[in-house]
Amino acid sequence: VNLTVTHWADGMYGAPFAVAVEKGYFKEAGVDVTGFITSQGGGTTVRNAMASEIPYGEVALSAAIAAVKQGVKLTIVHGGVISLADNFWVAMKDSPLKSIEDLAGKRVGYSSPKSVTDMVSTIALTNRKLLDKVERKTVGSLSSAFTALREGGVDAIYMTEPIYSREKENLKIVFRSADEIPHMTQTVGVVRRDYLKAHPETIKAIIEGRRKGVDYLMAHPDEGGDILARHYKMDPAITKAAIQNIISVKGTYWSPGKFDYEGMDTMLKGLELVKAIEPGAFNWKDVVDESQLPADQRSQ
Amino acid sequence: MTNVMDGDNRQSSSIAVSMAYRRHRVVLWRLLLVVSVIALLELASRLSWIDPVSFLPPSAMAASAWHILVDGMYREDMLLTLSSAGTAVVMAVAGGFLLGLLLFRFGRLRRVLDPLLLSYYAVPIFVLYPMLIVIFGLNRWPLIVLGFLFAIVAMAVNTLNGLERVPAVLLRTSKVLHLGPLEEVWLIKLPASLPFIFTGIKLTIVYSFIAVIGGEFLLSGAGLGYQIAFAYNNFDNQTMYGLMFLLLLFVGVINLLLHSAEQRLYQRRVLKENA
Amino acid sequence: MATHLHSVPLAQDDVAPAPVHINVEAVTKVFSREHAEPVHALGPVSFSLRRKEFFSVVGPSGCGKSTLLDVIAGLSAPSDGVIEFEGKRVNGQVPDGVAVVFQEDASFPWLSVFDNAAFGARRAGLAETEVRERVDHALAFMGLARFADAYPAQLSGGMRQRVCIARAMVMRPRLMLLDEPFGALDQQTRLLMGEETLKLWRETESTIMLITHSIDEAVMLSDRVGTMSARPGTFIDIVETGWSRERGSETALDPRFGALQSQIWGKLRGESLKTLGERS
Amino acid sequence: MATHLHSVPLAQDDVAPAPVHINVEAVTKVFSREHAEPVHALGPVSFSLRRKEFFSVVGPSGCGKSTLLDVIAGLSAPSDGVIEFEGKRVNGQVPDGVAVVFQEDASFPWLSVFDNAAFGARRAGLAETEVRERVDHALAFMGLARFADAYPAQLSGGMRQRVCIARAMVMRPRLMLLDEPFGALDQQTRLLMGEETLKLWRETESTIMLITHSIDEAVMLSDRVGTMSARPGTFIDIVETGWSRERGSETALDPRFGALQSQIWGKLRGESLKTLGERS
Amino acid sequence: MNRPILSDRSKRTDALLLVVGLLVTWKLASLLLGADALPGPWLTLLQLKRELMAPDFGAHLAETAKAFSIALVLAVLGGVCIGLVLGARRLAGDVVEPLLIALYSIPKISLYPIILLIFGLGISAKIAFGVIHGIIPIIIFTMTAVRNIKPVLLRSGRAHRLTPWQTAVHILIPATVPEIVAGLRIGFSLTLLGTLIGEMFASQRGIGHLLMLAIDRHNPPTIMALSLLLFVFATVVSIALLQWDRRLRHGTVS
Ligand SMILES: Nc1ncnc2c1ncn2[C@@H]1O[C@H](COP(=O)(O)OP(=O)(O)OP(=O)(O)O)[C@@H](O)[C@H]1O
Ligand SMILES: Nc1ncnc2c1ncn2[C@@H]1O[C@H](COP(=O)(O)OP(=O)(O)OP(=O)(O)O)[C@@H](O)[C@H]1O
Ligand SMILES: [Mg+2]
Ligand SMILES: [Mg+2]
């Protein structure tokens, strides 16, 4: 069967899955995973996930929240990526910019309003009291962002792994998002509610397989890099560098399953801040179901 | 002639009714079609035959559209999109017509370019976006140019089709009357190929909108397309369908206006029978 | 300027030889077809028209009459030979002062009858009052006054052809080339139109070359009648009628009428038979 | 089935009254135009054709002849009145056994001359050998044998019209409706074609209604000639010629020929003058 | 009117001229914009070779080819048939045309949820995307052409008592071949585009997916290589259609 993983092949969220498939962890746990689906945009990914044979996916938390708010019947079953370790703000190599403070009076490109890059830059700059001193521009996808940066349309842009590791000779990091915002959950695992009820064991198996993948990755980052490179069809040097880069940031990036409610709240607040969702009560209890997590990963 | 036209009163009034029907039947049928489709969709979504997460009842779409309009929260985005698409349409219509003329005039140019003209639609045109940014900078122009590029060929091809269908005897007449090349275009070729030109304009409008909105959808941070994309990704069906409804309405109205202008021009040329 | 005159004697009522208006020398036309042998459509043809002459051409179907007209008007280049109009060589361009009425319907479907008739005059930059006057006259002349606001789609075949004649007439050309302009008219209307054409010809003093399928018409109206052979068309006979300029349909009563008619008829019969004679 | 017969007496060489083939009763046609007063184009017209009759219609330009043909063929519905063909009402469909040759060029530009001529026969499902035979015959008949592989764009106006006649001929219809089919032909060819049409008519035993602009042709070929008034066209006169079935162009030598001709001529003159008389 | 018949050699010169012209323009643009934004021809060709050598490229290609060919058949058959009907039935055409065009203008990507709902994930969703992109231009072109057929030809058809089907096959289609082919050529390309867009959303296989990936990863050489591949493919088909059109048209234009 296919599983849905957001940014499969161009983000680091898929690494545990790649390892779990390669090492047979999913099979051991009792699901035969053969491939992964991804697509443009969080909403589409959630929709694709809900339409799949196993309606499970590791998707952007923001998309999951939006979906729940609009009445999609899904349940969040595990934490995914719970830090911003793969998220940087970069300038051209020869740029004088060295830190977030240098951005005052400069132009920074984020992808689009109400997006995660909008939110992260807003929070980070607000924390540093720089928000009104920096001119923020929308630059769209990474391709056009890159072009804008190269052509001098903006002075710094958002950047994510593993693209950063590929382009690092041309770029320099101005600041790392994780340094400004230590806790923020990016992705979570979601399941269609009726499926969870009918096949809890399948979900449990997926979570278990993924967890083993995470464990292996932390224990053998280099081998993990090779595996990821095979699945992503990339140069192993790049994936290895990316994994190293992520691990070097303190804090957990790939959660073995445990939820980081603080990071989830940060995301929720951030979304409200950039007006991506209407402010209002949102109770995690109603949408999170920890019953499929291994005992050591549950909150209580 | 009078004895034919003056039937008894009943007959003439029934004739009047049938004449009125004839005149307005297109509008009537169109209305009927639209209303019944909408009713069907309304029913289907109200009765939850269609998943409410995927689809809204049309009445809710209309309500949301109305709300958006009154609220004015997307006014700027709408103006942005309309002005970009409008600029693209104007450029593409003019450019496409000229291109069509050139191709018609210079057979060799046409033979050389012909195979490329249509195949370029096969390449997802937004891969050009980064290049356009390099050329035009980080503003609306890359999108406008995207709309222009996407639409111009449809216009050119239709112009070409139309020009080819101008009866040879009319072109010969224009030679006899010593029309200059410009006059010939304006007074003979353009009116003679008008039906095709109209089709070209209609497609140009559609393609410009598709490209501009699609571009916003994927690449930009503002405009109707972006807002639709955002609402879509956020599962905000109210806003998404509301905006789509407005868009549909807008393009629909433009098309209807064009269509009726076309009809008015046609009437003279086409046999209209009262049988 | 070519001074070559055709050997046929001048009309009797001309005192001095009228100047040559158009001169056609050794003109031929061959159409090449893809994947087929070329069609030799016309010629070699040589003749000249005097200024103010009324010249008619008759010939079997497909013999190259329309082709000849095209070539003279400068609408298509001859494969060989030279055409001169008013002393200047015709060279891929319709010379000024020439009007053409084509065999096919050439009315503009998007213009009303009035605007169709006014088209050429307006392009020539005439004042609108002048245009209006000329068009009104021409439409009345053609019996179309009541259809001035109609569009060609609402007219019968004959009416559309009359619109085209009106359009040419409004231009007051020095040379009128008419390709079977009365083809879609009934015999009686045709007769009337013929007389009107004579009137027009006298009034405007233009040279007229008329292609027609009616020998009677040709004989009745013309100073000279040229008879063409079957394709490739050449002139096998050019007869002078000798009518005075002030002629009308009463020429038909002239004893010479019958003689001319049967002379042409005799020539034409063989050619038409040749054309149709390709039958098995 | 209507048994109403027109009051004009039957042809002399028919012994028993021939059955009615087509019956037209009180037919009118009004074209409504948007933003303009409607045009009353035709009628009311009533007449019938006998089986195997050769009927010609003459009338001034724009009087409604083509309109009448359209209505009879079922190509457009009459505003009022009834048409019956072989006892069945014609109702918005061309009945089986009817072939039409239109006034305009209706050759299919994408088909060769041969395929054009074969079009109807092939659609009717004839065997290919039969089609080939008939088409070869028809093209030879029309003097087009050498152009079988040409395309209409390569033909002269008259040749295209002959292609359309061949296409109708190949169908061997029981009723042929011909709208000025010889309009683009020269007089001599026209005469020859007329005689061929007579031969065809005798051979195939079809009923023919011929719209023509030539009174001579009408008188020479027909059993009866109908003369139409100016628009709205009605029959002001239907004369019986009384020729035998075995006639040819020698009818023109018959003393009655002149009388018939001038009778029709007289009627038509007034109507044509009326049409053109709208002039100022 | 009598165009000189072109020799094969001058045709070949034209083609060569075109290719060289395109390559030079491309190279110049690449120099001007920088190889990072627009990789030059040689770089692109190298990348294309690399893409073609990739072990699973064949599978991607096959996936796209399958979805596309089905979509194309549906779009062409459907488009031509609907176009013929709408063109021949004036009333129906007048009623439907503005609606069709208006519908066509909404971003089709936003129809994705509905398509997903109806077709689910996988090939049928891609096909649906291809069809909705390609069918409308074909309809519009066909309809316009049918409406502009000389009336006397249609009357001839009626005089021969053709059934609607026969009328379509023997009159409407041959009389409108040039426009139908033009419609096909646009429709062909747009169907391909639609299929690719479908793959970008609903699939993890196919050329469209590769292209999206390249865009997401910001990989200009791959983007250019795949675009070139598509472009060449579409051009070849376009030329073939053109050739076919010329064959059918002989004699029609003098
Ligand atoms: N474009 C063309 N290509 C090939 N042959 C042509 C072309 N145009 C005309 N012809 C041929 O040239 C010959 C003369 O044609 P033309 O139209 O001059 O005849 P015409 O005398 O005007 O006949 P009609 O009286 O029937 O109008 C015909 O045999 C025709 O087949
Ligand atoms: N579609 C139409 N709309 C309005 N009026 C029309 C239409 N078709 C024909 N008419 C009018 O009907 C009248 C008769 O036309 P029709 O074509 O029957 O004449 P006709 O006798 O065939 O003339 P001709 O000998 O010139 O061909 C004309 O006056 C014309 O203006
Ligand atoms: Mg001719
Ligand atoms: Mg007529």
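Residues numbered from 1 in each chain as written. Chains lettered and ligands numbered in written order. Predicted model: local features only at pLDDT ≥ 70, side-chain atom pairs only at ≥ 80, totals over all residues. Heavy atoms only, no water.

Going by an unreviewed UniProt entry, chain E carries the name Nitrate ABC transporter permease and comes from Advenella kashmirensis W13003. According to the UniProt record, the Sequence similarities (unreviewed entry) comment for chain E is "Belongs to the binding-protein-dependent transport system permease family." (UniProt positions renumbered as here; feature names shortened; annotations may be inferred.)

You'll find chain C entered in an unreviewed UniProt entry as Nitrate ABC transporter ATPase, with Advenella kashmirensis W13003 given as the organism. UniProt lists a comment for chain C under the heading Sequence similarities (unreviewed entry), and it reads "Belongs to the ABC transporter superfamily."

A.B. asks: If you had to explain the domain arrangement of chain C to someone new, which residues and values would you point to?
C.D. replies: Residue and element names in this part refer to chain C. The assigned domain composition of chain C is domain 1 (1-97 + 173-280) and domain 2 (108-172). Each partner contributes to the interface: domain 1 provides 14 residues, whereas domain 2 provides 11 residues. Approximately 1,000 Å² of surface area, both sides summed, lies buried where domain 1 meets domain 2, with 74% of it carried by carbon and sulfur atoms. A per-residue breakdown of the area domain 1 buries against domain 2 is headed by Pro-173, Met-193 and Leu-200, which together make up 39% of the total. Linking domain 1 with domain 2 are 0 salt bridges, by the criterion used here. Counting across the domain 1 and domain 2 interface gives 2 residue pairs in polar contact (both at pLDDT 80 or more). Here the side of domain 1 that touches domain 2 gets 5 residues from one element, more than from any other, and that element is helix α5 (residues 187-204). When the residues that make up the side of domain 1 that touches domain 2 are grouped by side-chain class, the tally is 8 nonpolar, 2 polar and 4 charged. (Domains from an automatic or database assignment. Contact = heavy atoms within 4.5 Å. Buried area = accessible area lost by both parts, 1.4 Å probe. Salt bridge = Lys/Arg side-chain N within 4 Å of Asp/Glu carboxyl O. Polar contact = N/O pair within 3.5 Å; in protein donor to acceptor, adjacent residues only side chain to side chain. Helix = DSSP H or I, 4+ residues; strand = E, 2+ residues; numbered from the N terminus. Nonpolar A, V, L, I, M, F, W, Y, C, P; charged D, E, K, R; others polar.)

A.B. asks: Quick one: what's the story with the coordination of the magnesium ion (ligand 3), residue by residue and with numbers?
C.D. replies: Octahedral metals with six donors have ideal donor angles of 90 or 180 degrees. Tetrahedral metals with four donors have an ideal donor angle of 109.5 degrees. Residue and element names in this part refer to chain C. For the magnesium ion (ligand 3), the protein coordination sphere consists of Ser-66 (OG) and Gln-103 (OE1), at 1.9 to 2.2 Å. With Ser-66 in helix α1 (residues 65-73) and Gln-103 in the loop between β6 (98-101) and α2 (113-123), this pair connects stretches of sequence that are 37 residues apart. On the accessibility criterion, Ser-66 (26% relative accessible area) is partly exposed. Taking relative accessible area as the criterion, Gln-103 reaches 23% and is therefore assigned partly exposed. (Donors = N, O, S within 2.8 Å, 3.2 Å for Na, K, Ca; no water. Buried < 20%, exposed > 50% of the residue type's maximum accessible area, 1.4 Å probe, protein only.)

A.B. asks: Tell me about the sheet that holds strand β6 (residues 107-110) of chain A, and please be specific about residues and values.
C.D. replies: As a general point, the strands of a sheet are linked pairwise by backbone hydrogen bonds and lie either parallel or antiparallel. Residues and elements named next belong to chain A. The strand order β7-β6-β8-β5-β9 describes an open sheet built from 5 strands, whose pairing is mixed. With partners counted over all chains shown, the strands left at the sheet margins are β7 (135-138) and β9 (171-176), one partner each. Across the sheet, the mean angle from the axis of one strand to that of its neighbour is 40 degrees, orientation sign disregarded. Where β6 meets β7, 4 bridges bridge the pair, whose relative direction is parallel. Among the inter-strand pairings, Val-108 is bridged to a residue of β7, identified as Arg-136. Seen against the sheet, helix α6 (residues 142-150) touches β5 (87-92), β8 (156-160) and β9 and runs at an angle of roughly 145 degrees to β8. (Pairing = 2+ DSSP bridges. Axes fitted to C-alpha atoms, helices over the stretch in contact; angles between N-to-C directions.)

A.B. asks: Any details on the interface of chain C and chain B? Residues and values, ideally.
C.D. replies: On the side of chain B, 18 residues touch chain C, which itself brings 23 residues to the contact. Of the roughly 2,000 Å² buried at the junction of chain C and chain B (both faces included), carbon and sulfur atoms supply 68%. Residue Asp-70 of chain C is joined to Arg-172 of chain B by a salt bridge in which the shortest nitrogen-to-oxygen separation is 2.5 Å. Connecting chain C to chain B are 1 residue pair in polar contact (both at pLDDT 80 or more). Breaking the side of chain C that touches chain B down by element, the ones donating at least two residues are β6 and α2 of chain C. Grouping the constituent residues of the side of chain C that touches chain B by class yields 15 nonpolar, 2 polar and 6 charged.

A.B. asks: Give me the site of ligand 1: which residues, what numbers.
C.D. replies: Every one of the 22 residues lining ligand 1 counts as a neighbour, but Lys-65, Ser-66, Thr-67 and Gln-103 of chain C together with Gln-154 of chain D are closest to it. Chain contributions to the surroundings of ligand 1 come from chains C and D. At a separation of 3.1 Å, an oxygen atom of ligand 1 approaches a polar side-chain atom of His-213 of chain C. For the shell around ligand 1, the elements supplying multiple residues, two or more each, are β1 (20-33) and α1 of chain C together with α4 (157-170) of chain D. Taken together, the residues of the shell around ligand 1 break down into 8 nonpolar, 11 polar and 3 charged. (Near = heavy atom within 4 Å.)

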